[in-house]
Amino acid sequence: MTQPTPPAGRSDPLYLHARQLVLFHGDARIARLQRALRIGHQHATALRDALCGDILEYHAHDASWHIAKGMDMTHDPLVDHKLAQAAEWIGNATCMVVAAGAGMGIDSGLPDFRGDNGFWRAYPALGRQGLRFESIASPQAFEKHPATAWGFYGHRLNLYRATTPHAGFGLLRRWGQRMPQGCFVFTSNVDGHFQKAGYPTARIYECHGSIHRLQCTANCSGEIWPTADLHPQVDEAACLLQSAPPRCPKCGALARPNILMFDDWQWNDARSQQQRMLLDMWLDSAQAPVVIEIGAGRAVATVRRFSQRMQQRGSPLIRINLHEANIHNPHAIEISLGAKEALERIDQHLTGAGNPGQDKSQAD
Ligand SMILES: [Zn+2]
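A quick note: this is a predicted structure, and the numbers were derived from the prediction, not measured. (Residues numbered from 1 in each chain as written. Predicted model: local features only at pLDDT ≥ 70, side-chain atom pairs only at ≥ 80, totals over all residues. Heavy atoms only, no water.)

Sorry, what's going on with the environment of Q140 here?
Here Q140 lies in helix α9 (residues 139–144). By relative accessible area, which is 33% here, Q140 ends up partly exposed. The spacing of Q140 and L51 is 89 residues in sequence and 56 Å in space, taken between C-alpha atoms. Those residues in contact with Q140 that lie beyond four places of it in its chain are F262 and D263. (Helix = DSSP H or I, 4+ residues; strand = E, 2+ residues; numbered from the N terminus. Buried < 20%, exposed > 50% of the residue type's maximum accessible area, 1.4 Å probe, protein only. Contact = heavy atoms within 4.5 Å.)

Help me understand the domain arrangement of the chain in this model?
Put simply, an interface is often sized by how much accessible area is lost when its parts join up. According to the domain assignment, the chain contains domain 1 (15–67) and domain 2 (80–350). Placing a centre on the C-alpha atoms of domain 1 and another on those of domain 2 gives a separation of 41 Å. Tallying the contact residues gives 6 residues for domain 1 and 8 residues for domain 2. When domain 1 packs against domain 2, close to 560 Å² is buried across both sides, 67% of that on carbon and sulfur atoms. (Domains from an automatic or database assignment. Buried area = accessible area lost by both parts, 1.4 Å probe.)

Looking at this structure, how should I read the packing of aromatic side chains?
Counted under the stated rule, the structure contains 19 aromatic pairs. On the numbers, 5.6 Å between centres and 50° between planes, the contact of F184 with W282 is tilted. Note that F184 is positioned in strand β4 (residues 183–187) and W282 in helix α13 (residues 270–285), a separation of 98 residues in sequence. For the pair formed by F184 and W282, the shared burial category is buried. (Phe/Tyr/Trp six-rings, centres within 6.5 Å; stacked < 30°, edge-to-face > 60°.)

I tried to follow the pairing of strand β2 (residues 64–67) on my own but got confused; where do I start?
Side-chain direction in a regular strand flips from residue to residue, so the side chains alternate between the two faces of the sheet. One ladder, built from 4 bridges, connects strand β1 (residues 56–59) with β2; its direction is antiparallel. Along β2, the bridge assignment pairs Y58 with W65. With antiparallel pairing between neighbouring strands as the criterion, β1 and β2 make up a hairpin whose turn holds 4 residues, including A63 at a positive phi of roughly 50°. (Pairing = 2+ DSSP bridges.)

Honestly, the sheet that holds strand β7 (residues 224–226) in this entry has me stumped. Any pointers?
Sheet strands pair via backbone hydrogen bonds, and the direction of the pair is either parallel or antiparallel. One open sheet holds the 3 strands; their spatial order is β7-β6-β10, and the pairing between them is antiparallel. The strands lining the two open edges of the sheet, one partner per strand, are β7 and β10 (255–259). Taken over all neighbouring pairs, the strand axes of this sheet differ in orientation by 50° on average, direction set aside. On top of the sheet, helix α10 (residues 146–162) reaches β6 (209–216) and β10; it is set at about 140° to β6, its chief contact. (Axes fitted to C-alpha atoms, helices over the stretch in contact; angles between N-to-C directions.)

Encoded structure:
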């Protein structure tokens, strides 16, 4: 029996998947394409031949195939397909974990601290003093320059209070509410914006603490208290606190945000540990929740490590990251878009608005 001739060339429905695989593995062997795409030798050969002149070069002198030099690795021809696939995963999921890093807040208008320049653009006064993010976000800064440290954190507290979380927060919350086992949030952000967007507090783990809580710099009693009464007045041009700094109600020592800082041996993690316990209990009963990782970079990799562990435990992973997505990864859906745009485009697929001509019978 002869197989029907497979569709050759770039109109082949598997073409972009073959392209993704070859770029991810840096390997154009026919056998790998056959295995990964579950196709015959002839079909795989036709796909590889079609990749020639796109991403592959054929070297006739030793009959070898190579990834073309100088090709644009950042363009993702699969992005629409990925958004539709992500919507399908979310639509079919029984539960979901939102794993969010700093990139989640950018679309709400919060500053991007990536790199010294990003940080110093947001805090020019610290740039003039050559103070890096790592030096000001540290317990040592509260010892040596308390007015500057509180100038920085006071400004951030005011900013986070004044900022409205972007529309993506609400979309995620709605998707989670429709799932039988609901949604849990794992975030390294200290801005409290998931709470502000209406997520239940018992379903949020803030692994680096919260700017809306205070602790004693001397850690006298282990107490953590809310910032409700704190209204810092900050000279923004100088990044200096002008009002009285908050004090520990027990011992009178300087208070600091209950945030995990750099080289921070004094962080009181009691509240964060409690949240973590709730997450672990929820995960015990949740069945392979779909993980949507958003704006979590490699620099401070806590969130990424969590989603990788979840993936090892069988969770499907959707990664949304404008700058650090591996768009050729065939083992996850990695989307190189900003948080708000990606979430809104996925939502269009979920509501059917993004895909008017879709024939559901062909969805598989
Ligand atoms: Zn104290």
